[in-house]
Amino acid sequence: MDKVWRERLLTGQWFSHLPLSFQDSLLAAARERRLAAGQRLFQRGDAPCGLYAVLDGAVRIGAVSEQGKEALLSLVEAPHWFGEICLFDGQPRTHDAYAVGPCTLLNIPQATLLKLLDEHPVYWRHLALLMSHKLRLTFINLEQLSLLPAPARLAHRLLMIAEGYGELDPPRRVLQLPQEQLASMLSLSRQTTNQILKELQGQGIIGLSYGEIEILDAARLRALATL
């Protein structure tokens with residue numbers, strides 16, 4: 001099973017650039033976890049439960065207000081790693097995580113990983129790089145929310161998702177992404193998101209089908225994202 005896990009995870013930038021010894025240690029400590037569609041992995045306020053990697057399916061990361069309004073921050077897909085913040089401060093989970101559909105994850109338990117890091121402090125740098133990459137993306141998204149028009153924000157987010165937020169090279173062409181989830185991530189209405197997507201479809205930049213968005217012309221989409 002370790003071989004199957006390794007092959008899947010090596011398609012991602014972070015894991016593939018780890019020292020072989022750290023890769024081996026993570027896989028040796030990992031345990032597989034399967035979630036049914038809609039099943040909760042953890043919620044805001046839960047105690048730290050370690051580091052996760054998505055092997056198959058997707059996990060939605062977000063939060064729900066007291067009024068029941070959901071803020072969807074991201075969809076985490078294979079071979080993405082997440083959950084590293086709690087390793088650094090030992091504080092409770094900051095957001096909710098639910099399986100979008102049937103999902104297979106790897107989990108490195110908190111105590112096991114902290115023991116490994118105590119024995120090999122040099123590995124902390126690699127986890128810091130994982131967290132700093134996500135922090136950069138967060139700052140970019142905040143800047144765009146304030147400065148860019150909705151079409152440019154949407155184009156940029158589609159490209160980020162296609163690239164697995166920096167994990168996938170080459171990027172995917174077909175995104176399993178319902179429009180309501182994309183709208184939630186961008187803080188746009190469902191109607192505005194649909195209108196922009198229809199315009200992009202009419203220009204031949206993307207193709208639309210039920211629950212899917214296909215990027216047909218990445219160069220033109222990238223040009224729109226930089227407006």
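Nothing here was measured: the structure is a model prediction, and the numbers come from that model.

Parameters at a glance
- Residues numbered from 1 in each chain as written.
- Predicted model: local features only at pLDDT ≥ 70, side-chain atom pairs only at ≥ 80, totals over all residues.
- Heavy atoms only, no water.
- Disulfide = S-S within 2.5 Å.
- Buried < 20%, exposed > 50% of the residue type's maximum accessible area, 1.4 Å probe, protein only.
- UniProt positions renumbered as here; feature names shortened; annotations may be inferred.
- Helix = DSSP H or I, 4+ residues; strand = E, 2+ residues; numbered from the N terminus.
- Phe/Tyr/Trp six-rings, centres within 6.5 Å; stacked < 30°, edge-to-face > 60°.
- Axes fitted to C-alpha atoms, helices over the stretch in contact; angles between N-to-C directions.
- Parallel < 35°, antiparallel > 145°, perpendicular 65-115°, else oblique.
- Contact = heavy atoms within 4.5 Å.
- Pairing = 2+ DSSP bridges.
- Polar contact = N/O pair within 3.5 Å; in protein donor to acceptor, adjacent residues only side chain to side chain.

### Some thoughts on the state of the cysteines
Line of reasoning, step 1. Scanning the entire structure with this criterion turns up 0 disulfides.
Line of reasoning, step 2. Considering cysteine sulfurs only, Cys86 is the nearest to Cys49, which forms no disulfide, with 7.4 Å between them.
Line of reasoning, step 3. Classification of Cys49 as partly exposed rests on a relative accessible area of 24%.
Line of reasoning, step 4. Classification of Cys86 by relative accessible area gives buried; the value is 4%.

### Focus: the UniProt feature "domain: HTH crp-type" (unreviewed entry) in the chain
Line of reasoning, step 1. Here, the residues flagged by UniProt with the feature "domain: HTH crp-type" (unreviewed entry) are residues 148–219.
Line of reasoning, step 2. Annotation note: span residues 148–219, helix share 50%, strand share 15%, distance between end C-alpha atoms 19 Å.

### Focus: the packing of aromatic side chains
Line of reasoning, step 1. The tally for this structure, following the rule as stated, stands at 7 aromatic pairs.
Line of reasoning, step 2. With 5.8 Å between their ring centres and 10° between their planes, Phe15 and Trp81 make a pair best called stacked. Linking Phe15 in helix H2 (residues 13–16) with Trp81 in strand E6 (residues 81–82), this pair joins segments that are 66 residues apart in sequence.
Line of reasoning, step 3. Judged by relative accessible area, Phe15 falls into the buried class, the value being 0%.
Line of reasoning, step 4. With a relative accessible area of 2%, Trp81 lands in the buried category.
Line of reasoning, step 5. Relative to Tyr52, the ring of Phe42 lies with its centre 6.2 Å away and its plane at 40°, an arrangement referred to as tilted. Separated by 10 residues along the polypeptide, Phe42 in strand E2 (residues 40–42) and Tyr52 in strand E3 (residues 51–56) bring together distant segments of the chain. The two residues Phe42 and Tyr52 agree in class, both being buried.

### Re the packing of helix H7 (residues 150–162) against helix H9 (residues 190–202)
Line of reasoning, step 1. At a minimum axis distance of 10 Å, the contact between H7 and H9 shows a crossing angle of 75°. For the element pair H7 / H9, the angle class is roughly perpendicular. Across the interface between the two elements, Ala150, Pro151, Leu154 and Leu158 from H7 touch Thr193, Ile196, Leu197 and Leu200 from H9.

### Some thoughts on unusual backbone geometry
Line of reasoning, step 1. Residue Pro79 is bonded to the preceding Ala78 through a cis peptide linkage, with omega at 0°.
Line of reasoning, step 2. Mapped onto the secondary structure, Pro79 falls in the loop between strand E5 (70–77) and E6.
Line of reasoning, step 3. With an omega of 5°, the peptide bond between Asp169 and Pro170 qualifies as cis.
Line of reasoning, step 4. Secondary-structure assignment places Pro170 in the loop between H7 and strand E9 (174–176).
Line of reasoning, step 5. Not every positive phi belongs to a glycine, and Tyr165 is a case in point at roughly 55°.

### Here's the deal with the sheet that holds E9
Line of reasoning, step 1. Ordered by their spatial adjacency, 3 strands build an open sheet running E9-E11-E10, and the pairing between neighbours is antiparallel. Sheet topology places E9 and strand E10 (206–209) at the edges, where each strand pairs with a single neighbour. Averaged over neighbouring strand pairs, the angle between their axes works out to 20° when direction is ignored.
Line of reasoning, step 2. Contacts from H9 reach E10 and strand E11 (212–215), with the element oriented near 125° to E10.

### So, the environment of Ile205
Line of reasoning, step 1. By the element assignment, Ile205 lies in the loop between H9 and E10.
Line of reasoning, step 2. Here Ile205 falls in the buried class, since its relative accessible area comes to 3%.

### Observations regarding the sheet that holds strand E7 (residues 96–99)
Line of reasoning, step 1. Taking strand neighbours across the sheet as the criterion, the 4 strands line up as E2-E7-E4-E5 in an open arrangement whose pairing is antiparallel. Unpaired on one side and paired on the other, E2 and E5 mark the two borders of the sheet. Strand-to-strand twist across the sheet, computed as the mean angle between neighbouring axes with direction ignored, equals 30°.
Line of reasoning, step 2. Looking at chain direction, E2 and E7 are connected through 2 bridges and run antiparallel. For Phe42, the partnering residue across the bridge sits in E7 and is Ala97.

### Considering the side chain of Thr104
Line of reasoning, step 1. Residue placement: Thr104 occurs in strand E8 (residues 103–108).
Line of reasoning, step 2. For Thr104, the side chain forms a polar contact with the side chain of Arg34, separated by 3.2 Å.
Line of reasoning, step 3. Every residue in contact with Thr104, bar those within four places of it in the chain, is listed here: Glu32, Arg33, Arg34, Ala53, Val54, Leu55 and Asp56.

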